[in-house]
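Topology and contacts: notes
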Amino acid sequence: MAEEGNKVVDLNSAYRHKVDAKGRMSLPASFRKVLSTDLVVTRNPKDECLYVFEPDAFNAWVAGVFEDKFEKFDRTNDLHVRLRRKLKSRAADVSIDAAGRIMISAEQREAVGIDKEVVVVGNTGYFEIWDAKRYDAVDDETDLGLLFD
């Protein structure tokens, strides 16, 4: 999670970017101001998009998944070990380069259908990278009115 002191920084808004032929993508300047240079990129559980965390936030997210499903991770439980292994194997450590870009592997781009145009969407403690066409379709189907009925 992006933190200032002990405060979690929310990453807001949506930005349109392009992924170059080498798989590099510029991060929004507002994100670079609050994030460390070391990040973890992983596929979301349904392979719809990529999640990008700071390393501690990624490990907290993995632990939280187990807390939500099983109350806690049990290293003596073979299923827990296999599930955590799978979650961790889908993640890649990346660093923000001097030009403010991160590298997204071809494998990760292919798994979530990212071509060239992406939408970078802020979230609490992490951000998402969507293929622009997929993001637009999901966004068009999402009715905020459901929150306010």
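Criteria and thresholds
- Residues numbered from 1 in each chain as written.
- Predicted model: local features only at pLDDT ≥ 70, side-chain atom pairs only at ≥ 80, totals over all residues.
- Heavy atoms only, no water.
- UniProt positions renumbered as here; feature names shortened; annotations may be inferred.
- 1 Å grid on protein atoms, 1.4 Å probe; cavity = no way out; pocket = protein on both sides within 12 Å on 5 of 7 lines; lining within 4 Å.
- Points joined across faces, edges and corners; volume = space filled by probe spheres on them.
- Helix = DSSP H or I, 4+ residues; strand = E, 2+ residues; numbered from the N terminus.
- Nonpolar A, V, L, I, M, F, W, Y, C, P; charged D, E, K, R; others polar.
- Pairing = 2+ DSSP bridges.
- Axes fitted to C-alpha atoms, helices over the stretch in contact; angles between N-to-C directions.
- Contact = heavy atoms within 4.5 Å.
- Core = buried A, V, L, I, M, F, W, Y, C linked by side-chain atoms within 4.5 Å.
- Buried < 20%, exposed > 50% of the residue type's maximum accessible area, 1.4 Å probe, protein only.

The name given to the chain in an unreviewed UniProt entry is Transcriptional regulator MraZ, with Eggerthella lenta as the source organism. In its Subunit (unreviewed entry) section, the UniProt record describing the chain reads: "Forms oligomers." The record in UniProt for the chain states the following under Sequence similarities (unreviewed entry): "Belongs to the MraZ family."

1. Considerations on the layout of surface pockets
Roughly 240 Å³ of internal volume is contained in the largest pocket. P45, W61, V65, F66, K69, F70, L83, K86, L87 and R90 together form the lining of the largest pocket. Secondary structure elements with two or more residues in the lining of the largest pocket: α2 (55–70) and α3 (78–89). The greatest single-element share of the lining of the largest pocket, amounting to five residues, is contributed by α2. Split into classes, the residues belonging to the lining of the largest pocket amount to seven nonpolar, no polar and three charged. For the second largest pocket, the calculated volume is near 180 Å³.

2. Things to note about the sheet that holds strand β10 (residues 127–131)
Across the sheet, six strands lie side by side as β3-β9-β10-β6-β5-β7; this open sheet has antiparallel pairing. With partners counted over all chains shown, the strands left at the sheet margins are β3 (14–18) and β7 (91–95), one partner each. Taking the axes of each pair of neighbouring strands and ignoring which way they run, one obtains an average angle of 25° across the sheet. Direction of pairing for strand β6 (residues 50–53) relative to β10: antiparallel, over a ladder of three bridges. Across the sheet, residue Y51 finds its bridge partner in β10, namely E128. Contacting β3, β9 (117–122) and β10, helix α5 (residues 132–141) crosses the sheet at an angle of about 105° to β10.

3. Description of the environment of V118
Within the element layout of this structure, V118 appears in strand β9. As for V118 and L50, which are separated by 68 residues in sequence, their C-alpha atoms are 11 Å apart. Ignoring anything within four residues of it in the chain, the contact list for V118 reads Y15, R16, H17, V19, M25, I129, W130 and A132.

4. Some remarks on the nonpolar core
One finds M25, L39, I102, F127 and I129 to be the most contacted residues of the largest nonpolar core, which totals 21 residues. For this core, the secondary-structure elements that each account for two or more residues are β5 (38–43), β6, β9 and β10. Listed in part, the 17 residues of the second largest apolar core include Y51, F58, V62 and V121.

5. Concerning the pairing of β9
Most of β9 sits out of view: five of its six residues are buried. Where β3 lies against β9, five bridges are found, and the strand directions are antiparallel. Its bridge partner lying in β9, K18 is registered against E117. By the bridge criterion, five bridges tie β9 to β10 in an arrangement that is antiparallel.

6. Structural notes on the UniProt feature "domain: SpoVT-AbrB" (unreviewed entry) in the chain
Per the UniProt record, "domain: SpoVT-AbrB" (unreviewed entry) is found at residues 14–57 and 91–134. Summarising residues 14–57: 16% helix, 41% strand, and an end-to-end C-alpha distance of 21 Å. As annotated, residues 91–134 has a helix share of 23% and a strand share of 43%, and its two end C-alpha atoms lie 21 Å apart.

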